[in-house]
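Coordinates in review
These are the residues of each chain, in order.
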Amino acid sequence: MQDTVNMAAESEFDEEEEPLFSDPEDFVEDIDDEELLEDVLRERPLEADGIDSVVVVDNVPQVGPERLEKLKNVIHKIFSKFGKITNEFYPEAAGTTKGYIFLEYLSPNQALEAVKNADGYKLDKQHTFRVNLFTDFDKYMNISDQWETPEKQPFKDFGNMRHWLEDADCRDQYSVIYESGERTAIFSNDPKEAILVEERARWTETYVRWSPKGTYLATFHQRGIALWGGEKFKQIQRFSHQGVSLIDFSPCERYVVTFSPLMDTKEDPQAIIIWDILTGQKKRGFHCESSAHWPIFKWSQDGKFFARMTQDTLSIYETPSMGLLDKKSLKISGIKDFSWSPGDNIIAFWVPEDKDIPARVTLMQFPSRLEIRVRNLFNVVDCKLHWQRQGDYLCVKVDRTPRGTQGVVTNFEIFRMREKQVPVDVVEMKESIIAFAWEPNGSKFAVLHGESPRINASFYHVKSNGKIELIKMFDKQQANSIFWSPQGQFMVLAGLRSMNGALAFVDTSDCTIMYIAEHYMASDVEWDPTGRYVVTSVSWWSHKVDNAYWLWTFQGRLLQKNNKDRFCQLLWRPRPPTLLSQEQIKAIKKDLKKYSKIFEQKDRLSQSKASKELVDKRHLMMEEYRQYKESAIQLYNQQRELRLQLRGGVDTDELDSNVEDWEEETIEFFISEEIISLGDLK
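Residues numbered from 1 in each chain as written. Predicted model: local features only at pLDDT ≥ 70, side-chain atom pairs only at ≥ 80, totals over all residues. Heavy atoms only, no water.

Let us look at the pattern of salt bridges. In total, this model carries 26 salt bridges according to the counting rule given. A salt bridge links Arg202 to Glu182; its shortest N-O distance comes to 3.4 Å. Of the two residues, Arg202 sits in the loop between strand E9 (195-201) and strand E10 (208-210) while Glu182 sits in the loop between strand E7 (173-178) and strand E8 (183-188), which places them 20 residues apart along the sequence. Across the pair Glu198 and Arg200 runs a salt bridge whose closest N-O atoms are separated by 3.2 Å. (Salt bridge = Lys/Arg side-chain N within 4 Å of Asp/Glu carboxyl O. Helix = DSSP H or I, 4+ residues; strand = E, 2+ residues; numbered from the N terminus.)

Below is the structure:
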């Protein structure tokens, strides 16, 4: 029965007339494609899709089939640093490449990075790459033959970038972070009282850094770094590097290196970025797995080279191309550490022992890569490299375990860099070494050695005749750090943190302790650039109470105690190297007595000026009081009628004025009575 019903329904449906879907003859379409197919059209390919990820590289070597594969490997190695290359095309004619190529990246941003960083890359003496986006060709093809005056760019006046050097009283500046980082201030140093130059809230999110010559102040932010300078500390430049935590400047202040642990990817290295300070452009990015040994890159003294050490490799890069020097790294099996000379383009590095091969220290000159000295060492546990600031000497601190003994012996291997064949002298110490430091401008060095409480401070002089003389040794010193004055001769032996801030001010010309003091729980010691003043401080970052910084003279006289709420950091502003020649400096030192008289007179005038200012201030306060008193009396007299009305006509002003009508009355109160026996007094 059900089947019959279904068959009847189907038969009935088949007999119905089919619906018509055709538009009537007079129908007019009023819906456009954008409205009807909006979601489909949104996904359609744009005309420039794919093209804006393509770069054109010109001035590529023209090679035949036998060298083409090698060329491709070189090109891929250079350009894959900026991103993933998805396609490449090498046009050919008559069996050789045409001298230009096309590279397609995964994204337009990677192509843009390739243009920024590889344009101008020097492959060899005959080939320097010119790199452009493919989409820029229309722009270059449509350049008018008629000269058009370029639009004048507005000049950014940042003021005098060296204004602090022109201070009439030669005051140095320093930065202070306090209130646990909420406030940052810049002060001009003055023996009486620091002079506030600039103060801002939340100027930085962590800490600040001065550039090597003092031109820029760097502040840290979540999105990157900002540089400030000029008289009013205007923002000079900013560099976008998300999560930046560490920075380093080149000695010439041309480049800044930033590190962030958040940004690195395999296709786009951004953990470390080198920036051009003047233009703000990114020069190159690098991978980095750890920043434990910051700075990762170490700069040569003139800023022309920078170097990086990885496993069994030392890579030297040159500026401004940021490419490898001679396009290859140095393979040094087992290299442990390296350091540039502060005076020359020379690198010192050391390699530990390997089976029968002794440990060695090598001095290598750049860019020639010439080994100027190799020193073999035996039974080595560890080495530390210490350059004298002028580069005249290198001290290699060598910890050794002589055969047949269990203890560690320390040798100081002193390399005389200015003498032929670089002779080496040795000082041996059997006590444990706590600290070592060269005199910045001289041939002396200081060593802290021994065990607490018997810590000794020894002073040595490297003589020109090849001998190293022990000048003086102070025993039982409370010290774990050595701080030389930037000008040499004077130093502070400090017992920081666990040693409760013990301080000894030393004159090494005759090796006398000028003064012994204490700044309880001091965590830092900072000399000013001139060596006239030194600051000791207790940072909130290391100790949560007694946060302050104290200012001392180089002789140990305390000038100021500056207590700042949750004080964190103090950094002196560096000074650039003097423009005076050695002859001019010698002439000034020769006539120092003449200059000292002028300065003494200026000091007296300053003191008298201070006295005059104090007297003037007191006169001003007295005059203000006199004016206030007169105005109060005048107001009192004006309100006389009002007082009479309020008091029913009684003149209360005269009640206490007639002293002759006063009566004096004495009132005595009995408090207690105590009887003392005379016998008790015997």
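Confidence in the prediction of the protein chain, expressed as mean pLDDT, is 86, and 88% of residues score 70 or more. With pLDDT under 50 throughout, residues 1-16 is counted as low confidence; its partners more than four residues away or in other chains account for zero contacts. (pLDDT = per-residue confidence, 0-100. Contact = heavy atoms within 4.5 Å.)

Within the largest apolar cluster, 24 residues are counted, with the highest numbers of intra-cluster contacts made by Val55, Val57, Ile75, Phe79 and Phe129. Elements that contribute at least two residues to this core include exactly strand E1 (54-58), helix H4 (65-79), strand E5 (100-105), helix H5 (108-118) and strand E6 (130-133). Ranked by residue count, the leading element in this core is H4, at five residues. Residue contacts for Ile75: discarding those within four places in its chain leaves Val60, Tyr90, Ile101, Leu103 and Phe129. Counting 18 residues, the second largest nonpolar core, distinct from the first, contains Ile346, Val361, Leu394 and Val396. (Core = buried A, V, L, I, M, F, W, Y, C linked by side-chain atoms within 4.5 Å. Buried < 20%, exposed > 50% of the residue type's maximum accessible area, 1.4 Å probe, protein only.)

Whenever strands of a sheet pair, they do so through backbone hydrogen bonds, lying parallel or antiparallel. Taken in spatial order, the four strands make up an open sheet running E2-E5-E1-E6, and their pairing is antiparallel. Pairing within the sheet leaves two strands with one partner each, and these edge strands are strand E2 (85-89) and E6. Taking each pair of neighbouring strands and ignoring which way they run, the sheet shows an average axis angle of 25°. Bridge analysis of E1 against E6 gives four bridges, and the strand direction is antiparallel. The residue of E6 that forms the bridge with Asp58 is Arg130. (Pairing = 2+ DSSP bridges. Axes fitted to C-alpha atoms, helices over the stretch in contact; angles between N-to-C directions.)

Structurally, Met499 can be placed in the loop between strand E36 (490-495) and strand E37 (502-507). Taking the relative accessible area as the measure of exposure, Met499 reaches 15% and is therefore buried. Between the C-alpha atom of Met499 and that of Gln478, which follows or precedes it by 21 residues, the distance is 6.7 Å. Not counting the four nearest positions on each side in its chain, Met499 is found in contact with Ser452, Ile455, Gln478, Ala479 and Asn480.

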